[in-house]
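Survey of secondary and tertiary structure
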Amino acid sequence: EEEGHLYPSFLPDGEHFLYTVFSWAVPHADSTGVYVASLVGAEPPWRLLEDGTNAVFASGFALFTRRDALMAQPLDVESRQLTGPAVTIVDDIERSALGFAVFAASHAGHLVYRVQTRELDIGWLDSSEQFASLGLPRMPVGQLRLSPSGRAAVAVVGGHDGIAELWRIDLQ
């Protein structure tokens, strides 16, 4: 049985979006996965990925997690279908308290993420595909969202009093 829908992420046409259907039940509901839906017309949503993961579109790829790896798989925006094999971008991606990966990407292909092996470090891949730390203090980050330009991010951070706060992160 479905428990919720999370993490909407628009495709470049502004009419279609990806979203996650999740279930806490074990085994997971048959409907768990990443779906494509439309804001216009009567086109029903369809399952793009069976993995119950958060997913975003960036620079021609669907980004999602499989186990503890951040994956990229070509996504044709016209047909809204996966068109090639998935490849690993980052191993040991960190997960939020709900179990979803902590990463964000812009349509232009900028990527920011948090990895398990770097003491809650937030960083991104530079042009040579090397991890570049942002040098931020240790903090419990639940979500990251990257600006379309890739110059800034917003993080949902657990505050000292247990109340979540939004932090702006400059990436320049």
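Bear in mind the structure is a predicted one, so any value in this text is a computation, not a measurement.

**Quick notes on the overall build of the protein chain**
From N to C terminus, the protein chain includes zero helices and 16 strands. Across the 172 residues in the protein chain, those meeting the buried criterion constitute 43%. Intrachain contacts of the protein chain at a sequence separation of at least 6 include 32% that bridge at least 24 residues.

**Section: the sheet that holds strand β1 (residues 4-10)**
Sheet architecture is open: four strands sit in the order β1-β2-β3-β4, paired in antiparallel fashion. On the outer flanks of this sheet lie β1 and β4 (46-49), each paired with one strand and no other. The average undirected angle you get between the axes of adjacent strands in this sheet is 35°. Examined bridge by bridge, β1 and strand β2 (residues 16-22) share five bridges and lie antiparallel to one another. Among the inter-strand pairings, Ser9 is bridged to a residue of β2, identified as Leu18.

Criteria and thresholds
Counting of residues starts from 1 at the beginning of each chain's written sequence and follows it residue by residue. Under the rules for a predicted model, residues below a pLDDT of 70 receive no local features and side-chain atom pairs below 80 are neither given nor counted, while totals for whole chains, interfaces and linings still include all residues. Computation of side-chain values covers all heavy atoms of the structure but excludes hydrogens and water. Note on conventions: DSSP H or I runs of at least 4 residues are helices, E runs of at least 2 residues are strands, and numbering of each starts at the N terminus. Throughout, exposure labels follow a simple rule: accessible area from a 1.4 Å probe, protein chains only, divided by the maximum for the residue type, with under 20% read as buried, over 50% as exposed, and the rest as partly exposed. Working rule for contacts: check all heavy atoms of both residues, and any pair within 4.5 Å makes them a contact. When DSSP finds two or more bridges between a pair of strands, those strands are recorded as paired. Fitting a line to C-alpha atoms yields each axis, with helices limited to the stretch in contact; the angle taken between N-to-C directions then spans 0 to 180 degrees.

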